[in-house]
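What follows is the residue order along each chain.
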Amino acid sequence: MTAGTPDSDQMTGDLLKLARTSEFDVDAEALHRYFEELLEAATLLGADESTTVPTPFHPVAP
Amino acid sequence: MTGSSLVPGLTVRQAGAAFRDGALDPVELTRACLDRIAATDGVLRSWVVVDAEGAISQAENAGRELRRGIDRGPLHGIPAAVKDIIDVAGLPTRCGSSLLSEVAPARDDAPIVARLRAAGAVILGKTVTQEFAAGALSPPARNPWDASRIPGGSSGGSAVAVAVGASLVALGSDTGGSIRIPAAAVGVAGFKPAYGWFDLQGVHPLAPSLDTLGPLGRTVDDVAVAYAVLRDRPLASDDRPSLAGMRLGVPIGYFRDRLQTGLDTVFAEAVRVLRELGATAVEIDWEEAEVARACAFVLNRVETARCLWPHVAGNPDRLGRLNPDLRVRVVGGRLVPAVLYLEALAARERLRDAMLAYLKTHRLAAVVTPTLPATAVSAADPVIRDGDREESVGVGYTRLTMPFNATGQPVLAVPCGFAADGLPVGLQIAGRPGDEATLFAVGMAYERAAGWTRRLPPAVPAEG
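These figures come from a predicted structure and were not determined experimentally.

Reading the values: rules and limits
Residues numbered from 1 in each chain as written. Chains lettered and ligands numbered in written order. Predicted model: local features only at pLDDT ≥ 70, side-chain atom pairs only at ≥ 80, totals over all residues. Heavy atoms only, no water. Helix = DSSP H or I, 4+ residues; strand = E, 2+ residues; numbered from the N terminus. Buried < 20%, exposed > 50% of the residue type's maximum accessible area, 1.4 Å probe, protein only. Contact = heavy atoms within 4.5 Å. Pairing = 2+ DSSP bridges. Axes fitted to C-alpha atoms, helices over the stretch in contact; angles between N-to-C directions. Polar contact = N/O pair within 3.5 Å; in protein donor to acceptor, adjacent residues only side chain to side chain. Expected span 1.5 Å × (residues − 1). Phe/Tyr/Trp six-rings, centres within 6.5 Å; stacked < 30°, edge-to-face > 60°.

Residue and element names in this part refer to chain B. Position of D221 among the secondary structure elements: in helix α7 (residues 220-230). In this structure D221 comes out as buried when scored by relative accessible area, which is 8%. If near-sequence neighbours (up to four positions away) are discounted, D221 is found in contact with R13, D238, M444 and E447.

Residue and element names in this part refer to chain B. Overall, mixed pairing links the eleven strands, which are arranged β1-β3-β2-β4-β6-β5-β12-β13-β9-β7-β8 in an open sheet. Bordering the open sheet on either side are β1 (47-50) and β8 (280-282), each of which pairs with just one other strand. Going across the sheet, the axis of each strand differs from the next one's by a mean of 30 degrees, ignoring polarity. Here five bridges tie strand β2 (residues 79-83) to strand β3 (residues 122-127), and the two strands are oriented parallel to one another. Paired with A81 across the bridge in β3 is G125.

Before going further, it helps to spend a moment on the side chain of B:S178. All names here are of chain B. Position of S178 relative to the elements: it lies in the loop between β4 (169-173) and α6 (180-186). Residue classification places S178 among the buried positions, given a relative accessible area of 6%. Within the structure, the side chain of S178 is placed 2.9 Å from the side chain of S154, a separation counted as a polar contact. With residues up to four places along the chain from it excluded, the contact list for S178 reads K83, A133, G135, G153, S154, S155 and S173.

It is worth spelling out helix α12 (residues 338-361) of chain B at this point. An α-helical turn contains 3.6 residues, so any two residues separated by three or four positions project in the same direction. Residue and element names in this part refer to chain B. In this model α12 runs 34 Å from its N-terminal to its C-terminal C-alpha over 24 residues, within 8% of the 34 Å that 1.5 Å per residue would give. Within the sequence span of α12, burial applies to L340, A344, A346, A347, R348, R350, L351, M355, Y358 and L359. Positive backbone phi, approximately 55 degrees, marks R363, located one or two places after α12.

Any two aromatic rings considered together are summarised by their centre-to-centre distance and by the angle between their planes. Residue and element names in this part refer to chain B. Scanning the entire structure with this criterion turns up eleven aromatic pairs over all chains. Ring centres of W145 and F418 lie 4.9 Å apart, and the angle between their planes is 65 degrees; this geometry places the pair in the edge-to-face category. Here the residue W145 occupies a position in the loop between β3 and α5 (156-163), and F418 occupies one in strand β12 (residues 411-418), the gap between them amounting to 273 residues. Just as W145 is buried, F418 falls in that class too.

Below, the structure written as structure tokens:
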């Protein structure tokens, strides 16, 4: 997923919809840029296959 | 030594030696700094509160103590400035925000300020920060080399204060580069310690898992002395250290791409000087730098929203009083998927280990890179422009600094020359937590060989 692809556009759109439901009114274009930048960062983090997410549910040894 | 001709140019060690042999009195030095503030701050606007009366009183006390043989160490009687997100007892901490314009004075010193005071430093006042330390412009402060330019941020006021001799040392904070960016933009030294070295109590948080406090000074040695005192560590010798046999990593790719025209030549010349000093500079890419920046970026954005939310919760009018960039960050940051934040946390653990492995594998004492991809931009039009290329300051200025906030390493920022536009250029030296001495040794050796800190900004800055 990279910024500008259908997936990222969908996600940015969803986040913008969410933002509109908040009580706060902020500049939509600036918010769009904010989410695009965030998704670029997300892509970089997710693109690295060696990233391991620590699970908080390690099995407890008997 | 008399009057305001003392500063700028006087180092912490020189002032301390002059106090002890009776050639200078702390009151005289404090008055010289207050004179520098009066002479420059109409244009540079880098101070939010100057406690002249309190400073003179502290300096009188410092002088009395020295005459009685009470010596609190290398910062005894030395004027110091404090970024306005850090509590100083009796002064308000307004964080550069209209939301805190009516805040009551802090009751207590933050621990780092208490440490400065206990060491005999003279607290002059509070310096300008970008609102809540989030950003690189630091309005209304201006750059002493060209007052139409920004000083960088968010510790812009602290950097300007030491650059013009309005203070000998200053405290700043660094969450994404906020000590190193203004240090590079105004041509002074600054040190971002390893994450977790200083107590953050009494400091307004921005992103607590990244926030770091550290000193700025006109020279590397000033910064090294302040850091040693703040950490209660022995003072390193100021003899010129040898770099013979030391291996320094010089990452290519990410850290050298997209530099303003001419900056790569300035940086290459600095690397040549390091080689001449005996270091082996090895060009090796750090392939995860961009991922490290992304990691710090996500952590920063989410934690900023959490930290600033209490100031605006349930009150759209108060949100409207934040600057537009922060407004977006507060609202947007609360909508970031939690899983992305968790991924960033996990990536940080891996990146910290990977950086230590990188240093070990290549037998590197430290890594040296440019600090900023561009010199200080215009305050009226704060955009990085180079030929056809345009980049926002927020993205561009943190591109080379933020990766090291993810790894949590100590990083020293050092001036390394001037660009064709006449503005300062800086390099950063990143090393291992616990091995700060190596960074100061490299910085000090380079600084003395290159001699850039002998060049001072105009005594009285012209209107921008």
